[in-house]
Amino acid sequence: MENSSSMRKPIIVGNWKMYKTPKESLAFLDAFLPLVAGHERDEIALFPTISSLGYVLDALAGSNVRAGAQNMHWLDEGPYTGETSPTMLMSIGCKHVLLGHSEQRLYFNESYDRVNLKLKAAINHGITPVVCVGELLAERQDGKTEEVLRDQLRTAMNNITASEAAHLVIAYEPIWAIGTGSTATPEIAAEAHAIIRHQLAECCTPTLAENTRILYGGSVKPENISSLMQQDGIDGALVGGASLAAANFAAIVKYA
Ligand code: PEP
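Rules used in this analysis
- Residues numbered from 1 in each chain as written.
- Predicted model: local features only at pLDDT ≥ 70, side-chain atom pairs only at ≥ 80, totals over all residues.
- Heavy atoms only, no water.
- Patch = residues over 30% accessible without salt bridge, like charges linked within 9 Å, V, L, I, M, F, W, Y side chains within 5 Å.
- Areas by Shrake-Rupley, 256 points an atom, 1.4 Å probe, with all protein chains shown as cover.
- Salt bridge = Lys/Arg side-chain N within 4 Å of Asp/Glu carboxyl O.
- Helix = DSSP H or I, 4+ residues; strand = E, 2+ residues; numbered from the N terminus.
- Buried < 20%, exposed > 50% of the residue type's maximum accessible area, 1.4 Å probe, protein only.
- Near = heavy atom within 4 Å.
- Polar contact = N/O pair within 3.5 Å; in protein donor to acceptor, adjacent residues only side chain to side chain.
- Nonpolar A, V, L, I, M, F, W, Y, C, P; charged D, E, K, R; others polar.
- pLDDT = per-residue confidence, 0-100.
- Contact = heavy atoms within 4.5 Å.
- Axes fitted to C-alpha atoms, helices over the stretch in contact; angles between N-to-C directions.
- Parallel < 35°, antiparallel > 145°, perpendicular 65-115°, else oblique.
- Left-handed = near helix turned anticlockwise from the far one by under 90°.
- Core = buried A, V, L, I, M, F, W, Y, C linked by side-chain atoms within 4.5 Å.
- 1 Å grid on protein atoms, 1.4 Å probe; cavity = no way out; pocket = protein on both sides within 12 Å on 5 of 7 lines; lining within 4 Å.
- Points joined across faces, edges and corners; volume = space filled by probe spheres on them.
- Phe/Tyr/Trp six-rings, centres within 6.5 Å; stacked < 30°, edge-to-face > 60°.
- Lys NZ or Arg CZ within 6 Å of the ring centre and 35° of its normal.

### Notes on a nonpolar patch on the surface
At step 1: A contiguous nonpolar patch, built from L106, Y107, F108 and L136 and spanning about 430 Å² of accessible area, is present on the exposed surface.
At step 2: Inspection of the secondary structure assignment puts L106 in helix α4 (residues 102-107).
At step 3: Taking relative accessible area as the criterion, L106 reaches 42% and is therefore assigned partly exposed.

Rendered as structure tokens:
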């Protein structure tokens, strides 16, 4: 995922959550890769489970699709059962990582202080981070969306310079839209993206904010991707459930 200073190339990312064995992952690729062969308009990336990641990376060699991990620890090694380190990801050719996904925040107590440590580790290892932010329904209903997004970014980006953040990707994922079938309207998503871009300018620089790709995630489907992508500040999508079937995800990648 390369950032261009003059233009933000869209990225469509599939998050497979805790689905698909290695065999199922490879069967997906057999069906999916021919459907997106030669597709250059958007970058495409898949985030399988850690048990499938090595197989998926090998199968994607030479293709136009990238793959990354759904999480990682910030240290290179240590007594941290169940964790995977940045060096371990690098050793299997993994150069992308999802950080701070709301399911990690909600079910495993992930905090933005830890996201900050992980983000610094990703930057130090040359791993492209996709950092998720997003508010709860109650926070939106209380009129706190802007405050929540700004706080999340401020903490995640603490002590990170614009040059360090050059390859950063942000995903705006309103928690009320994830896996619920109720997508944010393109206008709501665009408004949140503008808040995020403004905060990136404050945390780092206006140039970084202008160059950073901000993805929308939350019940993206073939039926709603086009209207989301028509919004100026929306630079791609992070797709969960609808990325699990090859034809569905290919239809999203090839939005009109
Ligand atoms: C996600 O997992 O990041 C996500 C947005 O899920 P879904 O598309 O299923 O809402």
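### Details of the site of the ligand
At step 1: As a structural note, the neighbourhood of the ligand is formed by 14 residues, with K17, H101, E173, G179 and S219 the closest of them.
At step 2: Measuring from an oxygen atom of the ligand, one finds a backbone N or O atom of S219 at 2.8 Å.
At step 3: Here the ligand loses 96% of its free accessible area of 290 Å² to cover by the protein chains.
At step 4: By residue class, the composition of the shell around the ligand is four nonpolar, eight polar and two charged.

### Some thoughts on the confidence of the model for the protein
Close inspection of predicted coordinates is inappropriate in any region flagged by low pLDDT.
At step 1: Summary statistics for the protein give a mean pLDDT of 96 and a share of 98% for residues scoring 70 or more.
At step 2: Low pLDDT (under 50) marks residues 2-6, which in the prediction has eleven contacts with non-local residues, meaning those over four places away or in another chain.

### Points about the packing of helix α1 (residues 22-36) against helix α2 (residues 50-60)
At step 1: In the contact formed by α1 and α2, the axes pass within 9 Å of each other and the chain directions differ by 30°. The pairing of α1 with α2 is recorded here as roughly parallel in orientation. Considering how the two elements wind past one another, α1 and α2 form a crossing that is right-handed. Of the residues in α2, those in contact with P22, S25, L26, L29 and L33 of α1 are S51, S52, Y55, V56, A59 and L60.
At step 2: For the contact of α1 with α2, a count of residues per class yields eight nonpolar, three polar and no charged.

### Some points on the nonpolar core
At step 1: I12, F32, I170, I196, L200, Y216 and F249 are the most contacted members of the largest nonpolar core, which has 65 residues in total.
At step 2: Sequence-distant contacts of F32, that is, excluding residues within four places in its chain, are made with I44, V65, A246, F249, A250 and V253.
At step 3: Listed in part, the eleven residues of the second largest apolar core include V13, A45, V130 and L215.

### Some remarks on the layout of surface pockets
At step 1: In this model, the largest pocket occupies a volume close to 690 Å³.
At step 2: Along its surface, the largest pocket is lined by 24 residues, and M18, Q70, N71, Q104 and F108 are the ones closest to its centre.
At step 3: Counting residues per element, the ones that place at least two in the lining of the largest pocket are α4 and α5 (112-125).
At step 4: No other element matches the three residues that α4 contributes to the lining of the largest pocket.
At step 5: Of the residues contributing to the lining of the largest pocket, the split by class is nine nonpolar, nine polar and six charged.

### Here we look at the packing of aromatic side chains
At step 1: Evaluated as defined, the whole model comprises four aromatic pairs.
At step 2: When the ring of F28 is compared with that of F32, the centres are 5.1 Å apart and the planes differ by 35°; the resulting orientation is tilted. Here the residue F28 and the residue F32 both occupy positions in helix α1, the gap between them amounting to four residues, near one helical turn. For the pair formed by F28 and F32, the shared burial category is buried.
At step 3: A centroid spacing of 6.3 Å and a plane angle of 55° characterise the contact between Y172 and Y216, whose relative ring orientation is tilted. One end of the pair, Y172, is in strand β6 (residues 169-172); the other, Y216, is in strand β7 (residues 213-217), with 44 residues separating them in the sequence. Assigned by exposure class, Y172 and Y216 land together as buried.
At step 4: In textbook terms, an aromatic cluster arises when at least three aromatic residues are bridged by ring pairs, as seen for W16, F28, F32 and F249.
At step 5: Over the ring of Y255 we find R41, and its NZ or CZ is 3.8 Å from the ring centre.

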